[in-house]
Amino acid sequence: MTPHPDISGRPRWQTAGLFIPPLVLLTPFASFLKFQEYPLLSLEVGYLAAALAVLGLALGALIRWGGRAGTALVLSALVVVFADFQFEIRLTYLALGGGAFLVFAWFAGRALLPVFAAAAAVVFLSTLILPAQLKDAEIVLASPEDIRNELPPILHVILDEHIGIEGIESDTEWEKQARADLTAFYLEYGFRLFGGAYANYTETFNSIPNLLNNTLSTEDFEYVTDGADGLSAVKENAYLSTLSDRGYKIRIYQSKYFNFCEAARISLLSCSSYNYTGLGNLDKLTDSPGVRAELILSRFLNRSRIYGLSRSIYQNLAAAGFLKLRRLENNNFAPLASYPFFRLIENDMAEKARGQVFFAHLLIPHRPFMFDSTCEVVLDHPFDNMEIRSEAWLVEYRKAYYEQVACTTKLMRHLFDSLRRSGIFDQTTIIVHGDHGSRIGAKAPVLENWQSLTPSDLRAHYSTLFAVRAPGIKAGYDDRLFSIGRLLDAVVNRNGTDLDPTPDESHQVIVSGNDKGPMEKKPLGDFRLGESKN
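Residues numbered from 1 in each chain as written. Predicted model: local features only at pLDDT ≥ 70, side-chain atom pairs only at ≥ 80, totals over all residues. Heavy atoms only, no water.

### Here's the deal with the overall build of the protein
In terms of helices and strands, the protein carries 17 helices and 12 strands. Whereas a compact globule of 534 residues would reach a radius of gyration of roughly 24 Å, the protein reaches 27 Å, a difference of no more than 12%. Across its three principal axes, the protein shows a C-alpha extent of roughly 100 × 55 × 45 Å. Looking at the 534 residues of the protein, the share that counts as buried comes to 54%. As displayed, the protein offers around 23900 Å² of accessible surface, 56% of which is attributable to carbon and sulfur atoms. Across the protein, the 51 positively charged side chains and the 59 negatively charged ones have centroids separated by 4 Å. (Helix = DSSP H or I, 4+ residues; strand = E, 2+ residues; numbered from the N terminus. Rg over C-alpha atoms; globule rule 2.2 N^0.38 Å. Buried < 20%, exposed > 50% of the residue type's maximum accessible area, 1.4 Å probe, protein only. Areas by Shrake-Rupley, 256 points an atom, 1.4 Å probe, with all protein chains shown as cover. Lys, Arg positive; Asp, Glu negative; His and termini not counted. Charge placed at Lys NZ, Arg CZ, Asp CG, Glu CD.)

In structure tokens:
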């Protein structure tokens, strides 16, 4: 019996190996762009696709002419890279799987080149043709027919990572100016500004849910669950439930970082969400295809755990950005994605506001820092090339943060002016606050560090904005220490009179350890600067 010939030894099948790497590299890139709903036929995508194709052909040459060793190494590397970008797999499993496939490819790789080539082509083409698997939550909305027009509108804006007045240092002239400008802005618009407000937590998933439920839980993420879209969601919201019971209809504006729309017992009229990791606003950022390509590549590479590990190692050895890419932290474009939502709120409130609560959680002035004080886009910062949390880094990082705070204030000014033009500003209850501080401190507020935290550390992590205006509430500045939970409860339960919140019985914060064990209540010292204590 004549043995079956090894078709991989024929030149035409060996040539097929040239095209396996380009197809494998382009598939997760195409999948990423489709998920981001970014146009595949743009010039910047063409740049990156061409670069990946050239890299792939270079690797394909190793398969074609590199013998058994070249084929095994490239195929196993491609499997690991594809799995890394396409799926959330731990580095340990990637290493073990890559090693196992290396052994397999050593013995069978060249014989199976036609199979690999056909599979790579099918997967790539299906990625291009089939729709992206974007799963939106199915949410039941209330009817807009029975809105109670006798109820005055409520605007509630949570500005993520916004520091409070008493948390702003006074070491530099620009910090003093930031403090003065922020105070003057809210007083100009008739707010009661609580400069000593503080959050009880430093994590959004603990701070906001406990605030909305008027609790102080030591259970980590007690009110957080997996939403219908697979993302983190608040499962209970006593604050919005109470307002719903009073007859209000709720409109929610949020990022896909945290879903408030699926909480039980709220009369939800609309739910508007934005992808905080998305690329949808790059056209507002720059007209340069080269810059857009660089930003897309940065965002794409940040999907990779291998890249993340490599970048961390490199940045520990040298403070420069990995591969000289602009370093956009936290793997998101949160401030840029938040920007259009101010206008969306303006438009919705101008159309019809009475009988409704407009509740917004916006990831601004949250890092990364992308705006200067005039809301012009800034991508390069001095701190990018400094040792993280060094004294010089902290100064430059704070400076960039306060530039973005000033931009946030500008956006709020535009929103308030829009409400004035619509004639509803004076009748609206407006609540604006943060969920924790800037978190730009020398030490993290964990149990292991608690005894060594300085007042400056406490200011950075816990001081947060809280301002409120409503008919009957006198404008002014109050520098007393209040938890934002106590303040919000006082606003909700006032009966049309001036706001006089009862001081907290004790100032406590909830602190976790590095090991993510049980959280503990700790007393919060008076973090205010000296002039506020006198």
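### Here we look at the nonpolar core
Ranked by internal contacts, the top residues of the largest apolar core, which has 91 residues, are Tyr186, Met412 and Phe416. Contacts of Met412, omitting those with residues within four sequence positions, involve Val157, Leu159, Phe185, Tyr186, Phe342 and Val432. Of all hydrophobic cores here, the second largest spans 39 residues; its members include Phe205, Val224, Leu240 and Ala263. (Core = buried A, V, L, I, M, F, W, Y, C linked by side-chain atoms within 4.5 Å. Contact = heavy atoms within 4.5 Å.)

### Thoughts on the packing of helix α2 (residues 20-35) against helix α11 (residues 289-301)
At a minimum axis separation of 11 Å, α2 and α11 run at an interaxial angle of 105 degrees. Classified by the interaxial angle, the pair formed by α2 and α11 is roughly perpendicular. Contacts from Pro28, Phe29, Phe32 and Leu33 of α2 reach α11 at Ile296, Arg299 and Phe300. Classifying every residue of the contact of α2 with α11 by side-chain character gives six nonpolar, no polar and one charged. (Axes fitted to C-alpha atoms, helices over the stretch in contact; angles between N-to-C directions. Parallel < 35°, antiparallel > 145°, perpendicular 65-115°, else oblique. Nonpolar A, V, L, I, M, F, W, Y, C, P; charged D, E, K, R; others polar.)

### So, the environment of Pro445
Structurally, the position occupied by Pro445 is in the loop between β8 (429-433) and α15 (455-462). Its relative accessible area of 11% is what places Pro445 among the buried residues. For the pair Pro445 and Val468, spaced 23 residues apart in sequence, the C-alpha separation works out to 28 Å.

### Some points on the pattern of salt bridges
Tallying each qualifying case throughout the model produces 17 salt bridges. A salt bridge links Arg459 to Glu169, with the nearest nitrogen and oxygen atoms 2.9 Å apart. Taken as a pair, Arg459 in helix α15 and Glu169 in the loop between β1 (154-159) and α7 (173-188) lie far apart in primary sequence, 290 residues in all. Given the relative accessible area of 7%, Arg459 is considered buried. Exposure remark for Glu169: the relative accessible area of 8% places this residue in the buried category. In this structure, the salt-bridge partner of Lys399 is Glu396, at a minimum N-O distance of 4.0 Å. Of this pair, Lys399 and Glu396 both sit in helix α14 (residues 391-421), separated by three residues, roughly a single helical turn. Among the charged side chains, a network of salt bridges with common partners joins Glu161, Arg367 and Arg439. (Salt bridge = Lys/Arg side-chain N within 4 Å of Asp/Glu carboxyl O.)

### Overview of the state of the cysteines
Defined simply, a disulfide is a covalent bond joining two cysteines at their sulfur atoms. This structure, assessed with the given rule, holds two disulfides. Each sulfur of the disulfide joining Cys261 and Cys271 lies 2.0 Å from the other. Here the disulfide of Cys261 and Cys271 is right-handed, its torsion about the S-S bond being about 90 degrees. Placement of Cys261 in the loop between β5 (249-255) and β6 (268-274) and of Cys271 in strand β6 is noted, with a sequence separation of 10 residues between them. Overall, the relative accessible area of 3% leaves Cys261 in the buried class. Disulfide partners in the protein, listed by the sequence order of the bonded cysteines, are 1-2, 3-4. (Disulfide = S-S within 2.5 Å.)

### Regarding the side chain of Lys249
Looking at where Lys249 falls in the secondary structure, it is placed in strand β5. With relative accessibility at 7%, the residue Lys249 sits in the buried group. Setting aside its immediate chain neighbours within four residues, Lys249 contacts Ala142, Ser143, Asp146, Ile147, Ser267, Leu269, Gly355, Gln356 and Val357.

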